[in-house]
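Below are the chains, spelled out letter by letter.
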Amino acid sequence: MNCASEAIDELPPEETPIIVEDPLYFPPINSDTWETTTISELNWNADQLQPLLDYLEEKNTKSFIILHKGKIVVENYMNGHTATSPWYWASAGKTLTTAVAGIAQDENLINLNSKVSDYIGTGWTSASLEKENLITCKDLLSMTSGLDDTLGDGITPSELQYFADAGTRWAYHGVFLKIQDVIASASNQTWDDYFNSKLKNRIGMTGAWIQTGNPNVFWSTTRSMARFGLLIAANGTWETTQIIPEPFLNEATSTTQNINEAYGYLWWLNGKSTYRLPQTQLEFSGELVPNAPQDMYCALGKNDQKIYIVPSRDLVIIRMGNAADGDNFALSDFDNVLWGKINLLID
């Protein structure tokens, strides 16, 4: 009994090792400095790098970058391209418009649920007033305007004709560019000025919007594309500054309508059970890019311009160049084969 009443010293708790994760790295503004990390430091498979680069060069690639936690692991230029050469983003640049729309909404300049005509007036389409007023800013970002995509990507009123009620049909269409007019009108600035001051200059991007026919296409160096990818991977922050609201980005990189579950606000989403592609009303079973991680989401542009973001692996991957095979508008077989080769490197 005496033994039972004696105080018993507590055993020291087992020490739990504290794992300190490397912070996300951001390259400085107005500088060519960009820290690197090596394949060996990441325990990747160094013998798989050259086969990956050989494949990229063979497939008309001009530049390729892999970032891990913001630092450059792989950076290669080929087929006559250099680090200072500008190249077009094509539809991968749609996501720049998404980002700026999120900023404008955060500044209470626009509301994505409001109709487009609230900002740019009526008569911007050839649809009846009743049907035109169904089209919201969100419909432009989700590709659910209901306007006739078979007429091409022109965005004059005569080229924007009613096909179905907004929100009832998913169809890839250049009408998303009207969001740029919405933001310019709401901010009393040109699109370029608002874009430069609210996004481009704040993360040290270079580049410019160039009108090529109907589309307004962004051109930049590969590193500028990587800066934007890093901003998105960092949930809209640059160092300690929140540039794009994180809740908006979460929304933009999730399914935004019930027709094409692999599409957000101009972002393509992997890991879904079905997807639709430009210029078809067919629904395809399976994931967008089966070889890629399920949580990967991406910006895809004509002729294989790519921004891949993989949160679970802290990766941002950029590819610029000519079409790997035949011309394409977004997804191609190249995505899946390329990811098979990336996996051999990183797994």
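Here goes a summary of the coordinates provided.

Calculation notes
- Residues numbered from 1 in each chain as written.
- Predicted model: local features only at pLDDT ≥ 70, side-chain atom pairs only at ≥ 80, totals over all residues.
- Heavy atoms only, no water.
- Helix = DSSP H or I, 4+ residues; strand = E, 2+ residues; numbered from the N terminus.
- Buried < 20%, exposed > 50% of the residue type's maximum accessible area, 1.4 Å probe, protein only.
- Contact = heavy atoms within 4.5 Å.
- Lys, Arg positive; Asp, Glu negative; His and termini not counted.
- Charge placed at Lys NZ, Arg CZ, Asp CG, Glu CD.
- Salt bridge = Lys/Arg side-chain N within 4 Å of Asp/Glu carboxyl O.
- Pairing = 2+ DSSP bridges.
- Axes fitted to C-alpha atoms, helices over the stretch in contact; angles between N-to-C directions.
- Expected span 1.5 Å × (residues − 1).
- Phe/Tyr/Trp six-rings, centres within 6.5 Å; stacked < 30°, edge-to-face > 60°.
- Polar contact = N/O pair within 3.5 Å; in protein donor to acceptor, adjacent residues only side chain to side chain.

**Remarks on the overall build of the chain**
Thought 1: A count of helices and strands for the chain gives 11 helices and 13 strands.
Thought 2: Considering only C-alpha atoms, the chain reaches an extent of 95 × 60 × 45 Å along its principal axes.
Thought 3: Looking at the chain as a whole, 53% of its 347 residues qualify as buried.
Thought 4: Across the chain, the fraction of contacts at a sequence separation of at least 24, relative to all contacts at a separation of at least 6, is 61%.
Thought 5: Charge centroids of the chain, computed over 22 positive and 43 negative side chains, lie 8 Å from each other.

**Here we look at the pattern of salt bridges**
Proximity of charged atoms lets side chains of opposite charge pair with each other.
Thought 1: One pass over the full model with this rule turns up 11 salt bridges.
Thought 2: One salt bridge connects Glu35 with Lys71, and the closest N-O pair in it is separated by 3.6 Å. One end of the pair, Glu35, is in the loop between α1 (2-5) and α2 (49-58); the other, Lys71, is in strand β2 (residues 71-77), and 36 residues separate them in sequence.
Thought 3: Of the charged contacts, one joins Lys306 and Asp335 as a salt bridge, the two residues approaching to 2.7 Å between their closest N and O atoms. With Lys306 in strand β12 (residues 305-310) and Asp335 in helix α11 (residues 333-346), this pair connects stretches of sequence that are 29 residues apart.
Thought 4: Lys306 sits in the buried class, given a relative accessible area of 0%.

**Overview of the sheet that holds strand β11 (residues 297-301)**
Thought 1: The six strands are arranged β2-β1-β13-β12-β11-β8 in an open sheet whose pairing can be described as antiparallel. Edge strands, defined here as strands with exactly one partner in the open sheet, are β2 and β8 (268-269).
Thought 2: As paired strands, β11 and β12 are joined by five bridges and run antiparallel to one another. By the bridge assignment for β12, Cys298 is matched with Tyr308.
Thought 3: Seen against the sheet, α2 touches β1 (61-68), β2 and β13 (315-321) and runs at an angle of roughly 145° to β1.

**Things to note about the pairing of β1**
Thought 1: Counting buried residues along β1, eight of its eight residues qualify, which places the element largely inside the surrounding structure.
Thought 2: Pairing analysis gives seven bridges linking β1 to β13, with the strands arranged antiparallel. Looking at β13, one finds that Ile65 is bridged to Ile318.
Thought 3: In terms of strand pairing, β1 meets β2 through six bridges, oriented antiparallel. The residue bridging Ile66 from the neighbouring strand is Val74, located in β2.
Thought 4: In sequence, β1 turns back onto β2 through a hairpin of two residues, with Lys69 there showing a positive phi of about 50°.

**Notes on helix α9 (residues 222-233)**
Thought 1: Its 12 residues place the ends of α9 16 Å apart at the C-alpha level, agreeing with the 16 Å of an ideal helix rising 1.5 Å per residue.
Thought 2: In terms of burial, α9 is a largely internal element, 10 of the 12 residues being buried.
Thought 3: Considered for burial, the residues of α9 that qualify are Thr222, Ser224, Met225, Ala226, Arg227, Phe228, Gly229, Leu230, Leu231 and Ile232.

**Quick word on the packing of aromatic side chains**
Thought 1: Summed over all chains, the structure comprises 22 aromatic pairs.
Thought 2: A ring pair is formed by Trp170 and Tyr172, whose centres lie 6.3 Å apart and whose planes are at 45°; its orientation type is tilted. Across this residue pair, the class does not change: Trp170 and Tyr172 are buried.
Thought 3: Measuring from ring centre to ring centre gives 5.4 Å for Phe195 and Phe218, while their planes differ by 65°; the resulting arrangement is edge-to-face.

**Let's talk about unusual backbone geometry**
Thought 1: Its identity as a non-glycine residue notwithstanding, Asn79 has a phi of 55°, on the positive side.
Thought 2: Mapping Asn79 onto the fold places it in the loop between β2 and β3 (87-88).
Thought 3: At Asn235, a position not held by glycine, the phi torsion is positive, near 60°.
Thought 4: Considering the arrangement of structural elements, one finds Asn235 in the loop between α9 and β6 (237-238).
Thought 5: For Asn235, a relative accessible area of 34% puts it in the partly exposed group.

**Digging into the side chain of Arg169**
Thought 1: Along the chain, Arg169 turns up in the loop between α6 (137-142) and α7 (178-187).
Thought 2: Judged by relative accessible area, which is 11%, Arg169 ranks as buried.
Thought 3: A distance of 2.9 Å separates the side chain of Arg169 from the side chain of Asp149, its partner in a polar contact.
Thought 4: Among all residues touching Arg169, those that are not within four sequence positions of it are Met143, Thr144, Leu147, Asp149, Phe163, Ala164, Ile259 and Gln281.

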